[in-house]
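Inside the fold
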Amino acid sequence: MLSGLPAVLINAALISALYALIAIGFTMIFGVGGVLNLAHGALLMAGAYVYLLLARDTISVPVFESMTLHPLLAFPLAVVIVAVLSYLLYAVIVQFVEDNPVVTFLATIVVALAATEVVLHYAGSATHTYTLIPDGMLPSTIDIGPVDGILTVDVVGFVVSWISIGLLWVYVTKTDSGRAIRATSMTERGAQLTGVNVHAVRARTWLVAGALAGIGGVFLGASTSATPNMWLHPLSLAFIIVVIGGIGSIKGSIVAAYLIGFLQTGVGEYLGQNFRGILSLVLLVIVLFVLPQGLFGREFDHE
Amino acid sequence: MKGTLRSALLPVWNVLCMLLAPLDRALQPIANVYNRTLGGHFGEMNGLQFAVISLGFAAIATVPFWSPFYSETLNITFAVASIWAIFAMSWDIQSGYTGYISFGHSVLSGAAGYTIGLLILHYDPSMGPATTIPVAVLASLVLGLVIAVPSLRLRGPYFSLITLVGVLLFTNLIFAFSGWTNGELGIHQVDPFTYEPWVRYYYMAIPMLLVALGLIYISRSNVGMVLVTIRENERAVSSAGLDPTKFKISSFVLSSIPMGIGGALLVYYGRAINPTSFVEISNSIEIIAIAVIGGMGSVVGPLFGSFLFFFLEEEFLRDVIGDSSLRTLVLWLFVLSVLVFARNGVFRVIWHGLGAVRGDSE
């Protein structure tokens, strides 16, 4: 069904848009607080499962009745909930340990592992699939040029990804509260000296990153499936993308997301699916040794 | 938050001190004999600390005799805990001491495991542990060097990242060469040391105690001091005329030898090698979690942490909570609260408490 160069290119572009969504939140949190948030994958997973909870009646948790909201309502609601979860993660745990990077690593990865168990407990180990496209609104697959049978949800994800990136760009360049985020990630002391409340900026960054993770998570779950271990692969992807792009650089992670997306799809198509992950890891190792600060990054400096 | 917790516990602590201080005084002469003879090599203790360590040692040495009184499975649990104690202590001598946190230690035990598996599967099925284990340890040592030499040029999170990449790469390679490694299913053609559970416990516990003694000895020596200094202030090491890179690499290699031993034991314990129980990233995380709940940078802490972790996971919580995912959730929340409230580890809290019962706090 899908073969030839046009199909590879289109698929790569679609998957790269998703990768960009996954990576941006991760890089923002690192840029602002110097925190490697290993629970980022868990936030993506939360996006998929919260959406399932709101829009499908396949899983249910106590207190909260399972419901079947319209996707157009469930999607923004899921994004908001994940953003709040991300903020809570910062407010309840991370802000007490962020002075020590090792403890922060561990605390966030333990949160991710705990999240896996929460999902296992309430939703089981089964694979849940869902679509974001309401019945009858759009066809489930569409044709682009010579390539047919592309999942509509992936195309919608591509569009939403670029809308989010655009909004984020406007936020961090045109508004004071967004510019404060960028200033803090450039130099924390400088931001403090110009009157930026660094503490509030961190909290806000977690909120924004959480929202992006929520969007990414819902589309990730829709384009593949929701499982209790779905957080690990995107987390390692986010790692790879962020290091290649330069830790803390939003522009860098978008470029790197497309680089990795095209590389992986190309390798998967021409060398075999088993080698899909290996080449990007090799690329990462090369980047780490040759250009440790990444394509658009600065030297790690959070003493 | 921590201040109020401390003041709330103060009366309890005072009562404990009153009760324990005479005991400590009574035991001090025995501890002094130890301090004069071995204290210089393994660290000095007061009476109470000496008593606790001796009791702990005796308890580990006699698990098969007393464990049936608690539960039938306890000696299996502690055999597994011994293997993970080796992993956690090995991780600690490298990451806990130098502060260069490795996320990739499961690769080292995985290399040992897969060496044994591949030898038995593709070379000679009749090979015994006496030949496979040295080869396996050598393999993990070589891999340790291969990882350490380039990656220790990087600092902080970049070092952690590259070790993490090591794990991902290794896992991917296992799947990419499924023809050799059997991919997800793993290799099952390994015969165990023995089928007798209590003998099997000693096969795991004795190497663990030897590794512990060796690592404690090293950590209390000048080498250990240099490693700690690398963590606290790397420039101080250079200005003392020592090459920090050399020490960092040797600590990584030093840690890959016991990792290899532990990996080999795990093969002969579980009779199978597969990515899930050896290489995958969750194994590295579990190693770190164990070391951290015990107390990083102390060697004995991770040992204690491993027994505590597996006792909670396989025995205590299993009796209390039926549902398996809920049980694991509680375990991770426990690890999380140790991280937030006692980031130096449970063992260290107890140890310093014992050291301070007579008021002479360290």
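Residues numbered from 1 in each chain as written. Chains lettered and ligands numbered in written order. Predicted model: local features only at pLDDT ≥ 70, side-chain atom pairs only at ≥ 80, totals over all residues.

1. A few points about the overall build of chain B
Of regular secondary structure, chain B possesses 18 helices and zero strands. For a compact globule of 362 residues, the expected C-alpha radius of gyration is about 21 Å, and chain B comes in at 21 Å, within 12% of that figure. Seen through its principal axes, chain B has C-alpha atoms that stretch 65 × 55 × 45 Å. Sorting the 362 residues of chain B into buried and exposed places 45% on the buried side. In chain B, of all internal contacts separated by at least 6 residues, the share reaching a separation of at least 24 is 75%. (Helix = DSSP H or I, 4+ residues; strand = E, 2+ residues; numbered from the N terminus. Rg over C-alpha atoms; globule rule 2.2 N^0.38 Å. Buried ≥ 20, exposed ≤ 12 C-beta atoms within 10 Å, placed from the backbone. Contact = placed C-beta atoms within 7 Å.)

2. Structural notes on the overall build of chain A
Summing up its helical and strand segments, chain A has eleven helices and two strands in all. The linear arrangement of helices and strands in chain A, starting from the amino end, is α-α-α-α-β-β-α-α-α-α-α-α-α. A compact globule built from 303 residues should have a C-alpha radius of gyration of about 19 Å, and chain A, at 19 Å, falls within 12% of that. Here the C-alpha coordinates of chain A stretch approximately 55 × 50 × 35 Å along the principal axes. The buried share of chain A, taken over its 303 residues, is 48%. The long-range fraction of contacts in chain A, counting pairs at least 24 apart against all pairs at least 6 apart in sequence, stands at 74%.

3. Description of unusual backbone geometry
Residues and elements named next belong to chain B. In this structure, Arg271 takes a positive phi of about 60° despite not being glycine. In this structure, Arg271 sits in the loop between α13 (244–270) and α14 (275–278). Phi is positive for Val299, which is not a glycine, with a value near 60°. Inspection of the secondary structure puts Val299 in the loop between α15 (281–294) and α16 (300–320).

4. Quick word on the domain arrangement of chain B
Residues and elements named next belong to chain B. Structurally, chain B comprises domain 1 (23–61) and domain 2 (62–355). Computed from C-alpha coordinates alone, the two centres of domain 1 and domain 2 are separated by 27 Å. Facing the eleven residues of domain 1 at the interface are ten residues of domain 2. Put simply, the parts of the chain that give the side of domain 1 that touches domain 2 at least two residues each are α2 (39–42) and α3 (47–61). The biggest single contributor to the side of domain 1 that touches domain 2 is α3, with seven residues. Within the side of domain 1 that touches domain 2, the residues separate by chemical class into seven nonpolar, four polar and no charged. (Domains from an automatic or database assignment. Nonpolar A, V, L, I, M, F, W, Y, C, P; charged D, E, K, R; others polar.)

5. Observations concerning the pairing of strand β1 (residues 141–144) of chain A
Residue and element names in this part refer to chain A. Two strands pair when backbone bridges link them, and β1 and strand β2 (residues 147–151) are joined in this way by three bridges, in the antiparallel orientation. Counterpart to Ile144 in the pairing with β2 is Val147. Adjacent in sequence and paired antiparallel, β1 and β2 are bridged by two residues, among which Gly145 carries a positive phi angle near 55°. (Pairing = 2+ DSSP bridges.)

6. Section: the interface of chain A and chain B
At the junction of the two partners, chain A supplies 35 residues and chain B supplies 33 residues. The dominant element in the side of chain A that touches chain B, judged by the number of residues it contributes, is helix α4 (residues 101–123) of chain A, at 15 residues. Along the lines of polarity and charge, the residues of the side of chain A that touches chain B split into 29 nonpolar, five polar and one charged.

7. Some remarks on the packing of α4 of chain A against helix α17 (residues 324–341) of chain B
Packing of α4 of chain A against α17 of chain B leaves a shortest axis separation of 9 Å and a crossing angle of 160°. Here α4 of chain A lies roughly antiparallel to α17 of chain B, going by the angle between them. Remark: the crossing between α4 of chain A and α17 of chain B carries left-handed chirality. Here α4 of chain A contributes Val103, Leu106, Ala107, Val110, Val111, Leu113, Ala114, Glu117, Val118, Leu120 and His121 of chain A to the contact with α17 of chain B, which in turn contributes Ser325, Leu326, Thr328, Leu329, Trp332, Leu333, Val335, Leu336, Leu339 and Val340 of chain B. (Axes fitted to C-alpha atoms, helices over the stretch in contact; angles between N-to-C directions. Parallel < 35°, antiparallel > 145°, perpendicular 65-115°, else oblique. Left-handed = near helix turned anticlockwise from the far one by under 90°.)

8. Some points on α4 of chain A
Residues and elements named next belong to chain A. When the terminal C-alpha atoms of α4 are compared, their 32 Å separation across 23 residues agrees well with the 33 Å that a helix rising 1.5 Å per residue should span. Extensive coverage of α4 is indicated by the burial of 17 of its 23 residues. Taken from the residues just after α4, Gly124 is the one with a positive phi, measuring 75°. (Expected span 1.5 Å × (residues − 1).)

9. Remarks on the environment of Val335 of chain B
Looking at the element boundaries, Val335 of chain B is found in helix α17. Sequence separation between Val335 of chain B and Phe309 of chain B is 26 residues; the distance between their C-alpha atoms is 9.0 Å. The contacts of Val335 of chain B, once residues within four sequence positions are left out, are Val110 of chain A together with Ala289 and Ile293 of chain B.

10. Considering the confidence of the model for chain B
In the predicted model, chain B carries a mean pLDDT of 86, and the fraction of residues at 70 or more is 98%. Looking over chain B, one finds the lowest element-wise mean pLDDT in α2 of chain B, namely 75, and the highest in helix α5 (residues 74–98) of chain B, namely 92. (pLDDT = per-residue confidence, 0-100.)

11. Focus on the environment of Val32 of chain A
Residue and element names in this part refer to chain A. In this fold, Val32 is placed in helix α1 (residues 4–33). In this structure, the C-alpha to C-alpha distance between Val32 and Gln273, residues 241 residues apart in sequence, is 36 Å. Non-local contacts of Val32, meaning those with residues more than four positions away in its chain, are made with Ile181, Thr184, Ser185, Val201, Arg202 and Thr205.

12. Regarding helix α10 (residues 197–220) of chain B
Between its first and last C-alpha atoms α10 of chain B spans 34 Å; for 24 residues at 1.5 Å apiece the expected length is 34 Å, and the two agree. Of the residues making up α10 of chain B, those classed as buried are Tyr201, Met204, Ala205, Met208, Val211, Ala212, Leu215, Ile216 and Ser219 of chain B.

13. Focus on the environment of Gly4 of chain A
All names here are of chain A. Positionally, Gly4 belongs in helix α1. Among the residues examined, Gly4 registers 10 C-beta atoms within 10 Å and is labelled exposed. Along the primary structure Gly4 and Gly294 are separated by 290 residues, whereas in three dimensions their C-alpha atoms are 32 Å apart.

14. Thoughts on the packing of α5 of chain B against α15 of chain B
Residues and elements named next belong to chain B. Two elements in contact, α5 and α15, have axes separated by 9 Å at closest approach and are oriented at 75°. Judged by the inter-axis angle, α5 sits roughly perpendicular to α15. Judged by residue contacts, Trp84, Phe87, Ala88, Trp91, Asp92 and Gly96 of α5 engage Ile287, Ile288, Ile290, Ala291 and Gly294 from α15. Tallied by class, residues from the contact of α5 with α15 come to eight nonpolar, two polar and one charged.

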